[in-house]
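Commentary on secondary and tertiary structure
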Number of protein chains: 2
Amino acid sequence: MRTKILKKPTIKRLPTYLHILRQLSNEGEEYVSTTKLINELEFEPVLVRKDLATMDLPGKPRLGYKLQDLINAIEEYLGWNETSDAFLVGCGSLGVALMGYDPFKDYGLNIVAGFDNDSSKTGKSIHGKQVYNIAELPQMIKEQNIEVAVLTIPWQYAQDVANDLIKAGIKAIWNFTTVKLKVPEGVVTHNENLASGLALFSVKKKLRDNSDIED
Amino acid sequence: MRTKILKKPTIKRLPTYLHILRQLSNEGEEYVSTTKLINELEFEPVLVRKDLATMDLPGKPRLGYKLQDLINAIEEYLGWNETSDAFLVGCGSLGVALMGYDPFKDYGLNIVAGFDNDSSKTGKSIHGKQVYNIAELPQMIKEQNIEVAVLTIPWQYAQDVANDLIKAGIKAIWNFTTVKLKVPEGVVTHNENLASGLALFSVKKKLRDNSDIED
DNA sequence: TAGATTGTTAATCGATTAACAATC
DNA sequence: TAGATTGTTAATCGATTAACAATC
């Protein structure tokens, strides 16, 4: 297993590359050069070349990289060659969306069930996935050996529920609440901050004409 | 109107501050110091102080900032003191979620209607908002003077639909597809890249034990 | 006055960009 | 051989952190 640690900005750009590479692959291409990738992107060529170089694949001058090798390397690095099963906690509108968001299957994430404390939601199935009462979480986490959770509950309950999840064996939490979770060693969280994105969007909008702010 | 341009990382942190400040305000606090903010956060104190300093408010040594002034300044800077009406295009699972995502009302965004080309979706209302056929978009954008669009359609159609939106008068697109939209001068887009977040999450997960990667 | 805090300038760190060498 | 591309080292740029002065 590769243990080389890439820079955070590089990691964030990898899915963008991967998306284009998969497209090119569908179109039957065999090799891909930085130049070809750049056409679809707004990154600097050197940046792309450096990012791809971190994958430690040999590129052929004049040709580029072997497309499939590059795809495999990125998928492997991200761990997207095998999917992890995950529980989603909080079947509000955002939770329901994520349960039905097809593209995740390309990103190594498989949400297998949802949980909620609202009895009007439990017992039904959403996007083909069963919704259970949150009380059943600990037992089901243990039984099914689930290590990944997606947290889409109101922020007021976030820390408490996270504590329960961790106690039951969850090792990684993708957190969509605005709360910065406090977690013990050995548990990772990642905050998906929609508000940050919206803030940036709002400011760009305001500065529309005289702006020099970049994405 | 304030035209001072903040740094991108600062802008992304503002909503986090705002969230905590609003909480403190609800609890009846009148002043807030960096020290108090830090308790809820994982940022460096100096960083927070510098971010807040960009708001150009006088802080009182030993006391901190006047809470309400700080909240107002941040909201004003982000343009969140007044909400913009927006159309959402693409009522798939993600689109439906965003239409029903309550917190947006605190973030200056008001999605007033949805659009889709699937006749099984049009004519109904979702989360209290009407869904129209995408063919009606141009006319309705003009009639209602809408300048903001949220784009949650499959990426294959993203550029084409964006072109139509812009032609009809849309000035700002919050783009949830994986495509980097090409837009003319005077139109802003912001890409919300869920895949980037998931990539970072995946890598953190993989490196769980021996990691030195930071959020 | 002492202490907690704001506010600012300088130093460090990290990421991007520029310049150029190597290769098929 | 010429040219397109990979690959790498050095320079620049931007953001964070450290150090310290100012103030109530």
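What you see as residue numbers is a count from 1 along each chain, following the sequence as written. Chains and ligands are labelled by the order in which they are written, letters from A for the one and numbers from 1 for the other. Confidence filtering applies because this is a predicted model: local features only for residues at pLDDT of at least 70, side-chain atom pairs given and counted only at 80 or more, and all residues used for totals across whole chains, interfaces and linings. The side-chain values count all of the structure's non-hydrogen atoms but skip hydrogen atoms and water molecules.

**Overview of the relation of the copies chain B and chain A**
Our working definition: Here the copies are matched by least squares. The fit uses the C-alpha atoms of residues with pLDDT of at least 70 in both.
Placing chain B over chain A gives an RMSD of 0.0 Å and needs a rotation angle of 180°, together with 0.0 Å of translation along the axis. Given the turn and translation reported, the copies of this chain are related as if by a two-fold rotation axis. For chain B, the smallest separation between a C-alpha atom and the rotation axis is recorded for Ala97(B), amounting to 2.6 Å.

**Observations concerning helix H7 (residues 158-168) of chain A**
Residue and element names in this part refer to chain A. Put simply, the rule is: The buried label applies to any residue whose accessible area, calculated with a 1.4 Å probe on protein chains only, is under 20% of its type's maximum; exposed applies above 50%, and partly exposed to all values in between. The secondary structure listing takes helices from DSSP runs of H or I that are at least 4 residues long and strands from runs of E that are at least 2 residues long, numbered from the N terminus. This arc corresponds to the set of directions leading from the helix axis out to the C-beta atoms. Any pair of residues with heavy atoms lying within 4.5 Å of one another is described as a contacting pair.
Taken as a whole, H7 has its buried residues at Ala158, Val161, Ala162, Leu165, Ile166 and Ala168. What you see down the axis of H7 is that its buried residues fit within an arc of 160°, all on one side. Residues of H7 that are exposed and point over 90 degrees away from its buried face: Asp160 and Lys167. Looking at the buried side of H7, the elements it contacts are strand E3 (84-89), helix H6 (137-144), strand E7 (148-151) and strand E8 (172-175). Of the residues one or two after H7, glycine 169 is the one with positive phi, at around 120°.

**Points about a positive patch on the surface**
The condition is simple: Without a salt bridge and with relative accessible area above 30%, a residue can belong to a patch; like charges are then joined within 9 Å and nonpolar side chains (Val, Leu, Ile, Met, Phe, Trp, Tyr) within 5 Å. Accessible surface is estimated by sampling points in the Shrake-Rupley manner with a 1.4 Å probe; for residues, cover comes only from the protein chains shown. One side-chain nitrogen of Lys or Arg within 4 Å of one carboxyl oxygen of Asp or Glu is enough to make a salt bridge. When charges are counted, Lys and Arg are positive and Asp and Glu negative, with His and the chain ends excluded. To locate a charge, take NZ of a lysine, CZ of an arginine, CG of an aspartate or CD of a glutamate.
Together, Lys8(A), Lys12(A), Lys8(B) and Lys12(B) give the surface a local cluster of positive charge. Secondary structure elements with two or more residues in the positive patch: helix H1 (8-26) of chain A together with helix H1 (8-26) of chain B.

**A closer look at the pattern of salt bridges**
Residue and element names in this part refer to chain A. Summed over all chains, the structure comprises eight salt bridges over all chains. Between aspartate 51 and arginine 13 there is a salt bridge, with the nearest N and O atoms lying 2.6 Å from each other. In this pair, aspartate 51 sits in helix H3 (residues 45-53) while arginine 13 sits in helix H1, placing the two residues 38 residues apart along the sequence.

**Describing the protein's contact with DNA strand D**
Definition in use: Throughout, near means a residue has at least one heavy atom within 4 Å of the molecule or strand. Counted as a polar contact is a pair of N or O atoms within 3.5 Å, where, for protein atoms, one must be capable of donating a hydrogen and the other of accepting one, and residues adjacent in sequence contribute only when both atoms are in side chains. Following the grouping adopted for this structure description, the nonpolar residues are Ala, Val, Leu, Ile, Met, Phe, Trp, Tyr, Cys and Pro, the charged ones are Asp, Glu, Lys and Arg, and the polar ones are all others, Gly among them.
In the region of DNA strand D, 22 residues are neighbours, and Arg49(A), Gly59(A), Arg62(A), Tyr65(A) and Arg13(B) sit closest. Sugar plus phosphate, as a fraction of atoms of DNA strand D within 4 Å of the protein: 59%. Within the side chain of Thr35(A), one N or O atom sits 3.4 Å away from a sugar or linking oxygen of DNA strand D. At 3.4 Å from a base oxygen of DNA strand D is found a side-chain nitrogen or oxygen belonging to Arg49(A). At the level of elements, helix H2 (34-39) and H3 of chain A together with H1 and helix H3 (45-53) of chain B are the ones that each hand at least two residues to the surface near DNA strand D. In terms of residue class, the surface near DNA strand D is made up of nine nonpolar, five polar and eight charged.

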